[in-house]
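As a plain string of letters, each chain reads:
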Amino acid sequence: GDNENTLDGFKKCLRCIGEADIIIPYTINHEVRVLKRRLISSAYTQLLNFLFGLHLKYYNGNVIYRTNLLKEVEIKTFGFAYSSEILVKLLTKKHSYKEVGISINPTGKTSIFRLKNIASVITTVIRVFYEVHLKKKTLSSKKYRGLRTK
């Protein structure tokens, strides 16, 4: 990682275990990140909230999940969008969550803006959108309708 998380932030999230199925940290001191990263992070969060009907403040923090919930989700990405994929799949199943505001350390450069990482995130978002919104409808429209016999 980029060492942006603090011990106090982890402790604050750990104290919330048991209050919800999922504990989701979000940054409260955005100014420690460079403007470009803040803008892209905000746009990404707004896009995911719009596409999936959610209202999260952040998707890419060190989220705490109940273990049994993680076992019911198939995670297909290995890139930066892994947390987004898990959150969307669990929250669209209506699991409870609590958002926790944390302060982070200032960060330097990030590798998220490399072309292969951007492509991975875009691919993941498209695939998860299909899986959450379209796959069930496609499968149910192709259900076995029985054979006619004379």
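What counts, and where the lines are drawn
Residues numbered from 1 in each chain as written. Predicted model: local features only at pLDDT ≥ 70, side-chain atom pairs only at ≥ 80, totals over all residues. Heavy atoms only, no water. Helix = DSSP H or I, 4+ residues; strand = E, 2+ residues; numbered from the N terminus. Expected span 1.5 Å × (residues − 1). Buried < 20%, exposed > 50% of the residue type's maximum accessible area, 1.4 Å probe, protein only. Arc of directions from axis to C-beta. Polar contact = N/O pair within 3.5 Å; in protein donor to acceptor, adjacent residues only side chain to side chain. Patch = residues over 30% accessible without salt bridge, like charges linked within 9 Å, V, L, I, M, F, W, Y side chains within 5 Å. Areas by Shrake-Rupley, 256 points an atom, 1.4 Å probe, with all protein chains shown as cover. Salt bridge = Lys/Arg side-chain N within 4 Å of Asp/Glu carboxyl O. Pairing = 2+ DSSP bridges. Contact = heavy atoms within 4.5 Å. Axes fitted to C-alpha atoms, helices over the stretch in contact; angles between N-to-C directions. Disulfide = S-S within 2.5 Å.

*Asks:* So what's going on with helix 2 (residues 35–52)? Which residues, and what values?
*Replies:* Counted at 1.5 Å a residue, the expected span for helix 2 with its 18 residues is 26 Å, and the 26 Å between its end C-alpha atoms agrees. If you check which residues of helix 2 are buried, you get Arg37, Ser41, Tyr44, Thr45, Leu48, Asn49 and Phe52. Mapping the buried residues of helix 2 onto a view down its axis gives an arc of 130°, with all of them on the same face. Across helix 2 from its buried face, at more than 90 degrees, point the exposed residues Leu35, Leu39, Gln46 and Phe50. Just beyond helix 2, the residue with positive phi is Gly53, at close to 65°.

*Asks:* Provide a residue-level description of unusual backbone geometry, including the pertinent values.
*Replies:* Although it is not a glycine, Lys94 sits at a positive phi angle of roughly 70°. Looking at the secondary structure, you find Lys94 in the loop between helix 4 (82–91) and strand 3 (97–102). On the accessibility criterion, Lys94 (73% relative accessible area) is exposed.

*Asks:* Let's hear about the environment of Thr123: which residues, and what values?
*Replies:* As for its position among the elements, Thr123 is in helix 5 (residues 115–141). Thr123 sits 46 residues away from Thr77 along the chain, and the two C-alpha atoms are 9.0 Å apart. Reaching out from Thr123, the side chain makes a polar contact with the backbone oxygen of Ala119 at a distance of 2.8 Å.

*Asks:* Give me the environment of Glu19: which residues, what numbers.
*Replies:* Here Glu19 lies in the loop between helix 1 (7–14) and strand 1 (22–27). Residue classification places Glu19 among the partly exposed residues on the basis of a relative accessible area of 48%. A distance of 2.4 Å separates a polar atom in the side chain of Glu19 from a polar atom in the side chain of Lys98.

*Asks:* Go over a nonpolar patch on the surface with me, naming the residues and quoting the values.
*Replies:* On the surface, a cluster of nonpolar side chains totalling about 410 Å² of accessible area is made up of Leu7, Phe10, Leu14 and Ile17. Topologically, Leu14 is positioned in helix 1.

*Asks:* Now, about the pattern of salt bridges: what can you tell me, with residues and values included?
*Replies:* By the definition in use, this model includes ten salt bridges. Here Lys89 and Glu85 are joined by a salt bridge, their closest N and O atoms 2.7 Å apart. With Lys89 and Glu85 both in helix 4 and four residues apart, the pair spans about one turn of that helix. On the basis of relative accessibility, which here comes to 11%, the residue Lys89 falls in the buried class. A salt bridge links Glu131 to Arg127, with the shortest nitrogen-to-oxygen separation between them at 3.1 Å. Taken as a pair, Glu131 and Arg127 lie in helix 5 at a separation of four residues, close to a single helical turn. Taken together, the shared-partner salt bridges in this structure form one network comprising Lys76, Glu85, Lys89, Arg127 and Glu131.

*Asks:* Go over the sheet that holds strand 2 (residues 64–65) with me, naming the residues and quoting the values.
*Replies:* Ordered in space as 2-1-3, the three strands form an open sheet in which the pairing is mixed. The sheet is open, and its two edges are formed by strand 2 and strand 3, each paired on a single side. Strands strand 1, strand 2 and strand 3 of the sheet are contacted by helix 4, whose axis makes an angle of about 130° with strand 1.

*Asks:* Describe the state of the cysteines, naming the residues involved and giving the relevant values.
*Replies:* With the rule as written, the count across this model stands at zero disulfides. Free of any disulfide, Cys13 has its nearest neighbouring cysteine sulfur in Cys16, separated by 6.5 Å. Residue classification places Cys13 among the buried positions, given a relative accessible area of 4%. Under the relative-accessibility criterion, Cys16 is labelled buried at 9%.

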